[in-house]
Amino acid sequence: MKSLIFLFIVLTLPLGARASEEGQRVLSLAEAISRARSCSVDAEVAAAELRSAYWAFRSYRADLLPELSLSATIPSYRQLYSPYMNDRGEYSFVANDYLQMNGELKLTQNIWLTGGSLSVSTSLDFMRQLSSERYNRYMSVPVALTLNQPLFGVNNVRWNRRIEPVRFREAKAAFMSATEDVAVSAIGYYFALLLARENFEIARQNLENAQKLHEVAKEKREMGQISRNDLMQMELNELEARSQLTTCESAVRNASFQLSAFLDLEDAELEPEIPASLPPVEISFEKAYEKALENNRFAPSQLRRQLEADYAVASAKGDMRRINIFAQIGFTGTGSGIGGAYSPLHDNRVVEVGFEIPLVDWGKRRGKVKVAESNRKLVESRLRQEAQSFRQDLFVLVERFANQRGQLELALRSDEIASARYLANVETYMIGRLSTLDLNDSRTTKDEARRQYINELYYYWLYYYQLRSLTLWDFATDAPISTDFAGIIK
């Protein structure tokens, strides 16, 4: 009898580290998070969004710099009839057959302060008449200085200088948060597989125990120590354990496939490890809130949306009246040869002032201003509401994380006690001092305690990485989370 009891104690010891079966890949939580950040589809999407935001920012920066452009037509040939009116007012059609070429080199700079543009250009036009009287003509503009300046309208350059840097800062913070969200997803898949494997190990252990207890029950029944009802209960326990093992085996394959697909590991049967250590951190709400305002995309997002609402109001007010100044000064020359087109030169001046002021528009433009102002008030109200929700959600998350270590310690102690209690009940049952129902109850309690411990461990890591995602701060090293933006963008 003592040997039999010892055998049962060995069979029902708490589940510990097991050697990896052949063909399985042992994977730690840190390895899963690292691979998810570099190989998962979610990480690739986040990197693509960052690159898109970077090139949009580069385009904005390019608008602030001088632009050199070359435009040309080489050649343009036309043979057509054009209407012609003589000095008596009579119309006729005359044939026109000519070849034309032109080119212009222009340097343009946007004026940040006023929102206009200033350009310097040089151009040359050539025309060859191909009809009965053939001749060549050249016209040159060696240098021309052109100013195009809208008045009272919105200064798009100034507003872009305020909005676009904030938008790019928001994009970088969003990418950092996205990488931490990838880690959160990896933790979910990892612990789903870990729990599935724990359930499988529990089911396998329970089946072994049920088989052995069934054999012992048969011997006891032959000796008249237990009733036929208890024997049938043991047989039912074995059948139930077999069914549960099949279900758990399928769940393991499904969870392993999901984690492998997320980590881009083809045909890999993964065996997760229970994290051996926890980050020794204490997180206060004040520090978490401070780092979130410094690093999270929330603050630049709110600033950008406020600026965009202000820009919409300014644009609507600017559209109420439009006045534009166009001025050009320079030199020009014409001749039958290239030399004659540059000597002598003549002054070339153009000054143009245009305006558009609505006299009767039935309040359409004023209505657009009111709509923009109402939308701005709506945005401001939503921003205040989101700020309150953000602060409240962060407070709740910090509190959950602070309580989770205690919950985890309780779950670990419960797991140890439930395992020890089950071992003791097995011994008591073997000597006939415990009923089958009590033994089954202690086994169920043991299994639930083990599952609860895995769940509490999952929530600990989940809350920790959610806090990292919101604050972009590594509380383990007390340093900001950083990444190689240059390497990702290129």
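Residues numbered from 1 in each chain as written. Predicted model: local features only at pLDDT ≥ 70, side-chain atom pairs only at ≥ 80, totals over all residues. Heavy atoms only, no water.

### Some words on helix 5 (residues 228-262)
Stage number 1. Between its first and last C-alpha atoms helix 5 spans 51 Å; for 35 residues at 1.5 Å apiece the expected length is 51 Å, and the two agree.
Stage number 2. Once helix 5 ends, the next one or two residues include aspartate 264, with phi positive near 60°. (Helix = DSSP H or I, 4+ residues; strand = E, 2+ residues; numbered from the N terminus. Expected span 1.5 Å × (residues − 1).)

### Brief notes about the pairing of strand 5 (residues 135-151)
Stage number 1. Of the strand pairs in this sheet, strand 4 (residues 117-129) and strand 5 are connected by 12 bridges, and their pairing is antiparallel. Looking across to strand 5, one finds that leucine 118 is bridged to leucine 147.
Stage number 2. In terms of strand pairing, strand 5 meets strand 7 (residues 322-335) through 11 bridges, oriented antiparallel. Within strand 7, the residue paired with serine 140 across the bridge is glycine 333. (Pairing = 2+ DSSP bridges.)

### Re the pattern of salt bridges
Stage number 1. For the structure shown, the criterion picks out 25 salt bridges.
Stage number 2. Salt-bridge contacts for arginine 242 lead to glutamate 238; the nearest nitrogen and oxygen are separated by 3.2 Å. Here arginine 242 pairs with glutamate 238, and both are found in helix 5, just four residues apart, close to one helical turn.
Stage number 3. A salt bridge links aspartate 441 to arginine 421; the nearest nitrogen and oxygen atoms lie 3.7 Å apart. (Salt bridge = Lys/Arg side-chain N within 4 Å of Asp/Glu carboxyl O.)

### Structural notes on the packing of helix 2 (residues 29-39) against helix 4 (residues 156-222)
Stage number 1. In the contact formed by helix 2 and helix 4, the axes pass within 9 Å of each other and the chain directions differ by 135°. Put simply, helix 2 runs oblique to helix 4. Considering the relative orientation of helix 2 and helix 4, their crossing is right-handed. Between helix 2 and helix 4, the residues in contact are Leu29, Ala32, Ile33, Ala36 and Arg37 and Thr179, Glu180, Val182, Ala183, Ala186, Ile187, Tyr190 and Phe191, respectively.
Stage number 2. Of the residues that constitute the contact of helix 2 with helix 4, the class distribution is 10 nonpolar, one polar and two charged. (Axes fitted to C-alpha atoms, helices over the stretch in contact; angles between N-to-C directions. Parallel < 35°, antiparallel > 145°, perpendicular 65-115°, else oblique. Left-handed = near helix turned anticlockwise from the far one by under 90°. Contact = heavy atoms within 4.5 Å. Nonpolar A, V, L, I, M, F, W, Y, C, P; charged D, E, K, R; others polar.)

### A look at the packing of aromatic side chains
Stage number 1. By the definition in use, this model includes 21 aromatic pairs.
Stage number 2. Between phenylalanine 285 and phenylalanine 395, the ring centres sit 5.3 Å apart and the planes meet at 80°, which makes this aromatic pair edge-to-face. Of the two residues, phenylalanine 285 is situated in helix 6 (residues 285-295) and phenylalanine 395 in helix 9 (residues 364-430); the sequence distance between them amounts to 110 residues.
Stage number 3. Relative accessible area serves as the criterion here: at 12%, phenylalanine 285 is assigned to the buried category.
Stage number 4. For phenylalanine 395, a relative accessible area of 41% puts it in the partly exposed group.
Stage number 5. Ring centres 5.4 Å apart and planes at 90° place the aromatic pair tyrosine 464 and tyrosine 465 in the edge-to-face group.
Stage number 6. We classify tyrosine 464 as buried; its relative accessible area is 3%. (Phe/Tyr/Trp six-rings, centres within 6.5 Å; stacked < 30°, edge-to-face > 60°. Buried < 20%, exposed > 50% of the residue type's maximum accessible area, 1.4 Å probe, protein only.)

### Structural notes on the side chain of glutamine 149
Stage number 1. Mapping glutamine 149 onto the fold places it in strand 5.
Stage number 2. Look at glutamine 149 and you get buried, because its relative accessible area is 11%.
Stage number 3. Looking at glutamine 149, its side chain comes within polar contact range of the side chain of threonine 114, at 2.6 Å.
Stage number 4. Only 3.3 Å separates the side chain of glutamine 149 from the backbone nitrogen of glycine 116, close enough to count as a polar contact.
Stage number 5. Apart from residues lying up to four places away in sequence, glutamine 149 is in contact with Thr114, Gly115, Gly116, Ile323, Asn324 and Ile325. (Polar contact = N/O pair within 3.5 Å; in protein donor to acceptor, adjacent residues only side chain to side chain.)

### Quick word on the confidence of the model for the protein chain
Stage number 1. Predicted confidence across the protein chain gives a mean pLDDT of 86, with 94% of residues reaching 70 or more.
Stage number 2. By mean pLDDT, the top-scoring element of the protein chain is helix 6 (94), and the lowest-scoring one is helix 1 (residues 2-11) (42).
Stage number 3. Throughout residues 1-20 the model reports pLDDT below 50, and contacts reaching past four residues in sequence, or to other chains, amount to 36 contacts. (pLDDT = per-residue confidence, 0-100.)

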